[in-house]
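Given next are the chains, with one letter for each unit.
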Amino acid sequence: MSKTIEIHEFSTGIEVTGTADDWVAGGFTGNYLNSTLESVPISVQNAIASQYFAVAESTSSDKPAVIGREIIRADEKWSVVAVVTKGTDNMGRPASLYRYFLCQGVGNIHHILQWMYQEKGGILVFDSFDKQTVGNPHRYEITSPNSINLRPKLESLLSDSPPVIIPSKEACTPLILNKMANCLESPVSWAFNVKGIAKPRIFQIIQPVDSQSEEIIKRAIAKTPKQPQLQGEEQPITTAIRGLTNRKTFRPEHMPTIENALANSQINDEAWKHLFEQLGAKDEIRDKTYAPSMIRLLTLQAMVLPKTLPAFLSWIQRTNNQEHYKISLTFQQQILQYLKQDKSDLLQARLIEGVILIIPYLVKQPNLIDPLVWLLGESQGIWSDLYRNYVMPAIERDFQSIAQCYRAKQGSVKLEVLNHSVWEKILNEIQPYWQPNANKYCQEDYQPIAEFFDKLQKVNKSYRELQLYALFLYISQGKIPNKLFSNLKRNRKSSDGLYVYVYDVPLEREVSWDERLYLGTKSNTQKIYFVTLNIIKTLWRLKVTFPFPLLVVFILISFLPGIHYRNLYLAIKQETPREREAPTEISDALLSEAFKNFISTKQVIKVKYINHFLMNLITKLISLINLRK
Amino acid sequence: MLDFFKGKKTKGTLDGLGEPISVDGGDIRVIGDKASGKTTYMASLAYWPNANSASPVQSITSYGDKDAGAELIAKAQNILEQGLELEKTDLNADVTAVKDYGLSIVLKEQFSWKNLGFRSRMVKLNINCKDYAGEFFTDLIYKRGDPKLDDYLEDCKIATGILFLVDGTTHRKDAEYANGLDQFFQELDRADLDGRKRRLAFTLSKCEQSQLWVSRHQPRELAKRRFPLVQKKLATWHGGEVDYFTSSAFGTLGHNYPEPNSIQLTRNRNGTTSVIRDTKRWRPFGLVSPLYWLCTGQRHHELDKD
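Keep in mind that what you see is a predicted model, and the values were worked out from it rather than measured.

Draft legend 1. Structural view of the overall build of chain A. A count of helical and extended segments in chain A gives 25 helices and twelve strands. Here the contacts in chain A between residues at least 6 apart in sequence split such that 64% fall between residues at least 24 apart. Surface exposure of chain A reaches about 29200 Å², of which carbon and sulfur atoms provide 52%.

Draft legend 2. Quick peek at the overall build of chain B. Along the backbone of chain B there are eleven helices and eleven strands. The buried share among the 306 residues of chain B stands at 59%. Sequence separation of 24 or more characterises 78% of the internal contacts of chain B that already satisfy a separation of 6 or more. A total accessible area of about 13100 Å² is found for chain B, and carbon and sulfur atoms account for 50% of it.

Draft legend 3. Structural view of empty space enclosed by the protein. Under the counting rule described, the total for this entry stands at three cavities of 30 Å³ or more. Its boundaries defined by the atoms lining it, the largest cavity holds a volume of some 430 Å³. As for the largest cavity, its lining consists of 32 residues, of which Ala35, Ser36, Gly37, Thr40 and Lys206 of chain B are closest to the centre. Among the elements of the structure, helix H3 (38-47) and strand S11 (271-276) of chain B are those that each provide at least two residues to the lining of the largest cavity. Considering only residue class, the lining of the largest cavity consists of eleven nonpolar, twelve polar and nine charged. In this model, the second largest cavity occupies a volume close to 90 Å³. Residue lining of the second largest cavity: 13 residues in total, with Asn246, Leu279 and Met294 of chain A together with Gly64 and Asp65 of chain B positioned closest to the centre. Sorting the residues of the lining of the second largest cavity by element identifies helix H6 (234-245) and helix H10 (292-304) of chain A together with strand S3 (100-107) of chain B as the ones contributing at least two each. When residues of the lining of the second largest cavity are assigned to their parent elements, the largest contribution, three residues, is made by H10 of chain A.

Draft legend 4. Fine view of the sheet that holds strand S10 (residues 205-208) of chain A. Residues and elements named next belong to chain A. The strand order across the open sheet formed by eight strands is S7-S1-S6-S5-S4-S9-S10-S8, and the pairing between neighbours is mixed. The open sheet has two edge strands with one neighbour each: strand S7 (138-142) and strand S8 (164-165). Here two bridges tie S8 to S10, and the two strands are oriented parallel to one another. Following the sheet pairing, Ile165 is matched in S10 by Ile206.

Draft legend 5. Broad picture of the interface of chain B and chain A. Contact with chain B, which involves 46 residues of that partner, is made by 44 residues of chain A. With both sides pooled, the region where chain B packs onto chain A buries about 3600 Å², and carbon together with sulfur makes up 46% of that total. When the buried surface of chain B facing chain A is broken down by residue, Lys66, Glu87 and Lys88 of chain B rank first, second and third, together holding 20% of it. Where chain B touches chain A, the interface holds seven salt bridges.

Draft legend 6. Molecular detail of helix H10 (residues 228-235) of chain B. Residues and elements named next belong to chain B. If you check which residues of H10 are buried, you get Val230, Gln231 and Leu234. All buried residues of H10 fall inside an arc of 100 degrees around its axis, so they share one side. Turning to H10, the residues buried within the fold contact strand S5 (161-167), helix H7 (174-188), strand S6 (198-205), helix H9 (219-226) and strand S7 (240-246).

Draft legend 7. Layout of the side chain of Lys206 of chain B. Residues and elements named next belong to chain B. For Lys206, the position within the fold is in the loop between S6 and helix H8 (210-213). Side-chain polar atoms of Lys206 contact the side chain of Asp167, separated by 3.2 Å. Side-chain polar atoms of Lys206 contact the backbone oxygen of Thr272, separated by 2.6 Å. Residues contacting Lys206, with those up to four places away along its chain left out, are Ala35, Ser36, Gly37, Asp167, Leu212, Ser247, Ser248 and Thr272.

Draft legend 8. Representation of the nonpolar core. Counting 131 residues, the largest nonpolar core has Phe53, Trp272, Ile335, Trp383, Phe399, Phe452 and Phe472 of chain A as the members making the most contacts within it. Sorting elements by how many residues they give to this core places helix H15 (residues 382-408) of chain A first, with eleven residues. Apart from the residues within four sequence positions on either side, Trp383 of chain A is in contact with Thr299, Ala302, Met303, Leu309, Gln332, Leu351, Val355, Leu375 and Leu376 of chain A. Phe137, Leu140, Leu149 and Val242 of chain B belong to the second largest nonpolar core, which has 43 residues in total.

Draft legend 9. Geometry of the pairing of strand S3 (residues 23-28) of chain A. Residues and elements named next belong to chain A. As defined by bridge partners, strand S2 (residues 14-18) adjoins S3 across four bridges and the pair is classed as antiparallel. Its bridge partner being in S3, Ile14 is matched across the sheet by Phe28. From the end of S2 to the start of S3, which pair antiparallel, there are four residues.

Draft legend 10. Spatial organisation of unusual backbone geometry. Omega for the peptide link from Pro162 of chain A to Pro163 of chain A comes to 0 degrees, which places this bond in the cis form. Position of Pro163 of chain A among the secondary structure elements: in the loop between helix H3 (152-157) and S8. The amide bond that connects Ser186 of chain A to the next residue, Pro187 of chain A, takes the cis arrangement and shows omega of -5 degrees. Tracing the backbone shows Pro187 of chain A in the loop between helix H4 (174-183) and strand S9 (189-194). Unusually for a residue other than glycine, Trp48 of chain B sits at a positive phi of about 45 degrees.

Draft legend 11. Summary view of the packing of helix H6 (residues 147-157) of chain B against H7 of chain B. Residues and elements named next belong to chain B. At a closest axis distance of 10 Å, the pairing of H6 and H7 adopts a crossing angle of 65 degrees. By the angle between their directions, the pair H6 and H7 is classed as roughly perpendicular. Between H6 and H7 lies a crossing of right-handed hand. In this structure, H6 uses Leu153, Cys156 and Lys157 to contact H7, whose residues at the interface are Phe184, Glu187 and Leu188. Residue composition of the contact of H6 with H7, grouped by class: four nonpolar, no polar and two charged.

Draft legend 12. Spotlight on the packing of aromatic side chains. Inspection of every chain in the model, using the stated rule, returns 34 aromatic pairs over all chains. Each ring, one from Tyr47 of chain B and one from Trp282 of chain B, has its centre 5.9 Å from the other, and the planes form 15 degrees; the classification is stacked. One end of the pair, Tyr47 of chain B, is in helix H3; the other, Trp282 of chain B, is in the loop between S11 and helix H11 (288-296), with 235 residues separating them in the sequence. A relative accessible area of 25% means that Tyr47 of chain B is categorised as partly exposed. A residue is classified by how much of its surface remains accessible, and Trp282 of chain B, at 0% relative accessible area, is buried. Positioned over the ring face of Phe203 of chain A is Arg69 of chain A, at 4.6 Å from the centre of the ring.

Draft legend 13. Helix H14 (residues 369-378) of chain A, seen in detail. All names here are of chain A. Most of H14 is tucked away, with eight of its ten residues classed as buried. Every buried residue of H14 is accounted for by Ile369, Pro371, Leu372, Val373, Trp374, Leu375, Leu376 and Gly377. Those residues of H14 hidden inside the fold are in contact with helix H11 (309-317), helix H12 (322-341), helix H13 (345-361), H15 and helix H17 (447-460). Directly after H14, the chain includes Gln380, whose backbone phi takes a positive value near 60 degrees.

Draft legend 14. Highlighting the pairing of strand S5 (residues 77-88) of chain A. Residue and element names in this part refer to chain A. Among the twelve residues that make up S5, nine are buried, leaving the element largely enclosed by the rest of the structure. In terms of strand pairing, strand S4 (residues 65-72) meets S5 through eight bridges, oriented antiparallel. Each bridged residue has a counterpart across the sheet, and for Ile67 the counterpart in S5 is Ala82. Between S4 and S5, which pair antiparallel one after the other, the connecting turn spans four residues. Note: S5 against strand S6 (residues 94-104), eleven bridges, orientation antiparallel.

Draft legend 15. Inspection of the state of the cysteines at higher detail. Residues and elements named next belong to chain A. Summed over the entire model, instances satisfying the criterion amount to zero disulfides over all chains. We note that Cys172 lacks a disulfide partner, and the nearest cysteine sulfur, in Cys183, lies 12 Å from it. By relative accessible area, which is 14% here, Cys172 ends up buried.

Draft legend 16. Representation of the pattern of salt bridges within the structure. Residue and element names in this part refer to chain B. Taken as a whole and judged by the stated rule, the model has 51 salt bridges over all chains. Among the salt bridges present, the one from Lys99 reaches Glu71, with a minimum N-O distance of 2.8 Å. Placement of the pair is Lys99 in the loop between helix H4 (66-82) and S3 and Glu71 in helix H4, with a sequence separation of 28 residues.

Calculation criteria
Residues numbered from 1 in each chain as written. Chains lettered and ligands numbered in written order. Predicted model: local features only at pLDDT ≥ 70, side-chain atom pairs only at ≥ 80, totals over all residues. Heavy atoms only, no water. Helix = DSSP H or I, 4+ residues; strand = E, 2+ residues; numbered from the N terminus. Contact = heavy atoms within 4.5 Å. Areas by Shrake-Rupley, 256 points an atom, 1.4 Å probe, with all protein chains shown as cover. Buried < 20%, exposed > 50% of the residue type's maximum accessible area, 1.4 Å probe, protein only. 1 Å grid on protein atoms, 1.4 Å probe; cavity = no way out; pocket = protein on both sides within 12 Å on 5 of 7 lines; lining within 4 Å. Points joined across faces, edges and corners; volume = space filled by probe spheres on them. Nonpolar A, V, L, I, M, F, W, Y, C, P; charged D, E, K, R; others polar. Pairing = 2+ DSSP bridges. Buried area = accessible area lost by both parts, 1.4 Å probe. Salt bridge = Lys/Arg side-chain N within 4 Å of Asp/Glu carboxyl O. Arc of directions from axis to C-beta. Polar contact = N/O pair within 3.5 Å; in protein donor to acceptor, adjacent residues only side chain to side chain. Core = buried A, V, L, I, M, F, W, Y, C linked by side-chain atoms within 4.5 Å. Axes fitted to C-alpha atoms, helices over the stretch in contact; angles between N-to-C directions. Parallel < 35°, antiparallel > 145°, perpendicular 65-115°, else oblique. Left-handed = near helix turned anticlockwise from the far one by under 90°. Phe/Tyr/Trp six-rings, centres within 6.5 Å; stacked < 30°, edge-to-face > 60°. Lys NZ or Arg CZ within 6 Å of the ring centre and 35° of its normal. Disulfide = S-S within 2.5 Å.

Structure representation (structure tokens):
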């Protein structure tokens, strides 16, 4: 069975003067020469630009190096053979000249090589005088199948991990290398007779031209880390990232490339990471140049790879240079502007994911609170915009749903943010707060989250964050300060004035032992004493002289009997009922014991300090009366 | 009172001096005729061989694009280790794909910006630099209207600094360069740079050649003498600032009777090509000075010294 294949070709674009036997290279033209194709396929162009066929600088020679590679993209498949030789220009300077042969589909490298050997008498090298025209590819009738048997020595080399280096002294041909590569995983890639390769890691099989080159190539492989096989797809992405980040002027024309790459399953997070690292992102975190291009690069990386957002924040806050924040912010606003006009759901989803990931991250890294407040609050940048418009409302809806779920006693609840794996731990640990009988433990770990929402509510002047501040503060400390309690004006409060409900969770405010004394009083008579105290306070302020301590002692002694023993006991022990249950029946003995302990531990009770102590006490009582009002 | 203490603290402690002042030089394009030494200039700069301890330059490191940085170093190693001639820089069909070299140049404390503060501080110049193929410059003269050339010109217009490198031995091409520059300025002047001033550093390369070396400290006069038409064009350009520099990527050997540290390969109307002679004593001259000026607008005389 025979089949005819079409072999296309094109060569490095360079001006040539002289004759076929004696020519000199002039300048590069920037276009390909002697092409049989109207335009070189994008996938092949990308692979060339990504140096998938490139020999290392100054390593081309008159002895042709041959490179075979299959390029597989979702929509295109090509078998390509590149032949590299050295040319010289009129100034005597060297240049590597390439002649590419390509055939549609994979598995055709063998046929391209056979065509050269059978019909052209050997490997075809760069020859500007071998004129080709568009639309006239070479045609070759496939006669023999790929039936090369490998020597045992070569077969044994295949068990090495790629790139497999075939010693230069092992006699080989491009056909043999191609056969060997075919035994490995697709797509095929090999380099024959090379002195040096620009990217040796992206080859399966390499045969250096001599033992010295073998050493150079082995050293090059050892010092380059393994990299994902991207089939040259990296080129347009790298160009787009560079185009977006290298300069101040925003170039929106690069954005579609980023979006397409995000939609391309081949470009996974690992590939993105590699691309950003190649552009210097990883080194920058270490070296801290803070060049504007680097600030934009790391900002973009944090957008595309949400997991790098914490590292970005910690890097940018290190110098606390406002200029650096400003550069990042300008860039964010440019992308935000773009997103608002040309919607990119994929990039937006990643940005939102970044916001969702980073809030729980504060538990591990509380030092990021301030930069995060900048990022989500002060900056008015892209993350801040998405936080305000998407994430914060979603978090609020989640808490409302949870509250609704417990109120209605339903089993399942549909969440948007809190169901994310990074929030799972938090969600599990805070759920008991909606269950009246569940054991609740203070989760001090959440203090940074509380602090973050506090700072953010001050910046954003937002009630939503104020509520979350209160909730997380309560979860981390077991109570909330009175000031915060009174600031939660829109929330329902318990009739005793001790609790405020945030998403149905009753948050108890701080109750000091002297306030508890007041709370314990039942009769109106005693309440009048507090009013009297207020008057005394005013007199005191007005510097009216009177036997003050005596008066106070009298007042206190007068209302003491009316106080509930239990509250007094708790007040003396400085504990609140929620934390530890006090004995329900307090005997005189128990109270007196607690009182003795209290006095022995309080220095202030000593006569020397009594005036001072009483004054403090009265001040507190008065402030509490005001609070109760 | 508090402010007074604060101020005093910053001045008195080391943390005010530890971090160098960052000067973002922005965007620089290296342009010039083919074989004028653009890539060699960049490679020598990135490699910064045999630094003189008296030099105001503390360090030069590459940042950003790892491939680009590694490529420059590899090129420099080709010069250094093997005494090879560098390859021609390919004319990339897509200007956005042209390698953009990020270089961070740190200048020592005592030499930096003395006039700006009570105490001078280390200065860090962050430079993004594109090394165009020489074809760009010849195309300016012969291929006007070419879409590829237009892309390159557009890319040039956003640059804040242009390093125009000219092989000092190509004085016979003075008229040609003046013509190219004329076309270049016409294009450049059409684009506004958000009110910022564009700077062009006219830099003579290959000044290790003895006929140039003797005048290396009078760059303006040297330019005037050897490239009168170009100099005239530059002097009458109102689109930005111009200053003159001399440089040598290879440097010279010997103090009293210096000779070029290079072996000449070709020498004709198109200039001189050489490879390095003594790699162990490779010390470039004048490479940082034009960049410093492009970034800051100030001439750093220490950088012009041998």
